[in-house]
Amino acid sequence: MFRVRKAVIPVAGFGTRFLPATKSTPKEMLPIVDKPIIQFIVEEAVSSGIETIIFITGRHKRAIEDYFDYTPELEFTLKKAGKDEHVEKIREISNMADFVYVRQKEQLGLGHAILSAEHVVGNEPFAVLLGDELIINDEKPALKQLIDVFNRFSKSVIGTMKVSKEETNKYGIVDGMEVEENIKLVKYLVEKPSPEEAPSTDAIIGRYILTPKIFDMLKKTPFGKGGEIQLTDALLNLLNYEVIYSTEMEGRRYDTGNKYGYLEAIFEIALEREDTSDFVKSIIKRLNERIDIKS
Ligand code: G1P
């Protein structure tokens, strides 16, 4: 039986919702306090057992490659200044996994991005993590929750979370039949349906384990919602050949792809960090007083 060793992380998107910041900085490099969003995603993958990270990149994403590479000049300067703990910290980032970069020459959708990884993934199951969704679970990373299901059934597994009915048009929606506690056999999938059309409120939250058969499906997938090649459509087609499972992931989720989710993540994560917790509490207290005065 195959083990899930590789993860594909598409990072070619423009990040228009974060302009002007993303004019010259990849959205994945925006920090939550002092750690870029992409590092949270890579750490989730690595702590779930992933050994190779395949980034699907595009133009203007060089900063991501540099970030996961060694930085000898910086290390030299830090060492000279006696800041050895920083040297270790930045070295660890490059040593977390093997990093592979595939350039997606044109952005034709998530499905197209995944298909660009075919020659690196080969004929084995692999994970997909989308960088916009940050899922924090210190006990069991979100991706590990999916890998555990995969290890039992050796079939594709889609991570879901419940959303409100009004929000279904922002996500791929999965309809399934519960076969055991928190494991559903997928019956149908649809990309961003209107609340009226949505068959359920189980939304795809950017975590997947896919069998390599998905590549054959992606090659045949026509342009779908938004004029893009959709992974959801390819998964629907995959149902004709293989069963697919879904599982509801546990963890705190932040949609860091928009400024509200991003702000929420910064506040909550900073509140929990030992070095920033007291400071955040004092700001909240001060702001709270200001809000009280105004209202
Ligand atoms: C993509 C997927 C969608 C999924 C979402 C999760 O959409 O196509 O099925 O629910 O990610 O974030 P996007 O947000 O890239 O439009």
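Structure first, text after, so check above.
Residues numbered from 1 in each chain as written. Predicted model: local features only at pLDDT ≥ 70, side-chain atom pairs only at ≥ 80, totals over all residues. Heavy atoms only, no water.

J.: Explain the packing of aromatic side chains to me, using residue names and the numbers behind them.
T.: Tallied over the entire structure, the rule returns 8 aromatic pairs. Centroid distance Phe 126 to Phe 215: 5.2 Å. Interplanar angle 0°. Geometry classified as stacked. Highlighted residues: Phe 126 in strand β6 (residues 126-129) and Phe 215 in helix α8 (residues 213-220), separated in sequence by 89 residues. With respect to burial, Phe 126 and Phe 215 carry one shared label: buried. Over the aromatic face of Phe 40 sits the side chain of Lys 35, whose NZ or CZ is 4.5 Å from the ring centroid. Its guanidinium or amino end placed over the ring of Tyr 70, Arg 91 lies 3.7 Å from that ring's centre, counting from NZ or CZ. (Phe/Tyr/Trp six-rings, centres within 6.5 Å; stacked < 30°, edge-to-face > 60°. Helix = DSSP H or I, 4+ residues; strand = E, 2+ residues; numbered from the N terminus. Buried < 20%, exposed > 50% of the residue type's maximum accessible area, 1.4 Å probe, protein only. Lys NZ or Arg CZ within 6 Å of the ring centre and 35° of its normal.)

J.: Would you mind going over empty space enclosed by the protein in detail, with residue names and values included?
T.: Counted under the stated rule, the structure contains 1 cavity of 30 Å³ or more. Of the voids in this model, the largest cavity is the one considered here, and its volume is about 60 Å³. Phe 18, Lys 27, Glu 28, Leu 30, Ile 37, Gly 131, Asp 132, Thr 256 and Gly 257 are the residues that line the largest cavity. Taken together, the residues of the lining of the largest cavity break down into 3 nonpolar, 3 polar and 3 charged. (1 Å grid on protein atoms, 1.4 Å probe; cavity = no way out; pocket = protein on both sides within 12 Å on 5 of 7 lines; lining within 4 Å. Points joined across faces, edges and corners; volume = space filled by probe spheres on them. Nonpolar A, V, L, I, M, F, W, Y, C, P; charged D, E, K, R; others polar.)

J.: Tell me about the environment of Asp 34, and please be specific about residues and values.
T.: Examined against the element boundaries, Asp 34 turns out to sit in the loop between β2 (31-32) and β3 (35-36). C-alpha separation for the pair Asp 34 and Leu 134, spaced 100 residues apart in sequence, amounts to 15 Å. Within the local environment of Asp 34, its side chain forms a polar contact with the side chain of Arg 273, the two groups lying 2.7 Å apart. (Polar contact = N/O pair within 3.5 Å; in protein donor to acceptor, adjacent residues only side chain to side chain.)

J.: Any details on the site of the ligand? Residues and values, ideally.
T.: Inspection of the region around the ligand gives Leu 110, Leu 130, Glu 133, Tyr 171, Gly 172, Glu 191, Lys 192, Ile 204, Gly 206, Gln 230 and Thr 232 as its neighbouring residues. Within the contact set of the ligand, an oxygen atom lies 2.9 Å away from a side-chain nitrogen or oxygen of Glu 133. Backbone polar atom of Ile 204 to an oxygen atom of the ligand: 2.6 Å apart, as the coordinates give it. Protein chains bury 77% of the 380 Å² of accessible surface belonging to the ligand in isolation. Taking a 2 Å distance to the grid points as the criterion, the majority of the atoms of the ligand fall inside the largest pocket. (Near = heavy atom within 4 Å. Areas by Shrake-Rupley, 256 points an atom, 1.4 Å probe, with all protein chains shown as cover. Sits in = over half its atoms within 2 Å of the grid points.)

J.: Let's hear about a nonpolar patch on the surface: which residues, and what values?
T.: Taken together, the side chains of Leu 263, Phe 267, Leu 271 and Ile 284 make up a nonpolar region of the molecular surface, amounting to roughly 330 Å² of accessible area. Per element, the largest residue contribution to the nonpolar patch is 3 residues, and it comes from helix α10 (residues 259-272). (Patch = residues over 30% accessible without salt bridge, like charges linked within 9 Å, V, L, I, M, F, W, Y side chains within 5 Å. Salt bridge = Lys/Arg side-chain N within 4 Å of Asp/Glu carboxyl O.)

J.: So, helix α1 (residues 37-47): which residues are in play, and what are the values?
T.: Along an α-helix, residues three or four positions apart point the same way, because every turn accommodates 3.6 residues. With 8 of 11 residues buried, α1 lies mostly within the body of the structure. Listed as buried for α1 are Ile 37, Ile 38, Gln 39, Phe 40, Ile 41, Val 42, Glu 44 and Ala 45.

J.: I'd like to hear about the pattern of salt bridges, residue by residue, with values.
T.: If you walk through the whole model with that rule in mind, you get 25 salt bridges. A salt bridge links Lys 140 to Asp 148; the shortest N-O distance between them is 2.6 Å. Since its relative accessible area comes to 35%, Lys 140 is described here as partly exposed. Taking the shortest distance from any N to any O, the salt bridge between Glu 180 and Arg 152 comes out at 2.8 Å.

J.: Mind laying out helix α7 (residues 142-153), listing which residues take part and the relevant values?
T.: Counted at 1.5 Å a residue, the expected span for α7 with its 12 residues is 16 Å, and the 18 Å between its end C-alpha atoms agrees. Within the span of α7, buried status applies to Ala 142, Leu 143, Gln 145, Leu 146, Ile 147, Val 149 and Phe 150. A positive backbone phi angle near 55° is found at Ser 154, which sits one or two residues after α7. (Expected span 1.5 Å × (residues − 1).)

J.: Help me get a handle on unusual backbone geometry, residues and values and all.
T.: Backbone torsion omega between Leu 19 and Pro 20 reads 10°, so that peptide bond is classified as cis. Tracing the backbone through its elements, the reader meets Pro 20 in the loop between β1 (6-10) and β2. Look at His 60: it is not a glycine, yet its phi comes out positive at around 70°. Assignment of secondary structure puts His 60 in the loop between β4 (52-57) and α2 (62-67). The backbone of Lys 192 shows a phi angle near 45°, a positive value even though the residue is not glycine. Locating Lys 192 in the fold gives a position in the loop between β10 (183-191) and β11 (202-210). Among the residues examined, Lys 192 registers a relative accessible area of 29% and is labelled partly exposed.

J.: I'd like a description of the side chain of Gln 39, backed by residues and values.
T.: You can see Gln 39 is positioned in helix α1. Every residue in contact with Gln 39, bar those within four places of it in the chain, is listed here: Tyr 67, Phe 68, Ile 93 and Met 96. (Contact = heavy atoms within 4.5 Å.)

Everything listed here is a matter of coordinates, which is why it stays silent on function.
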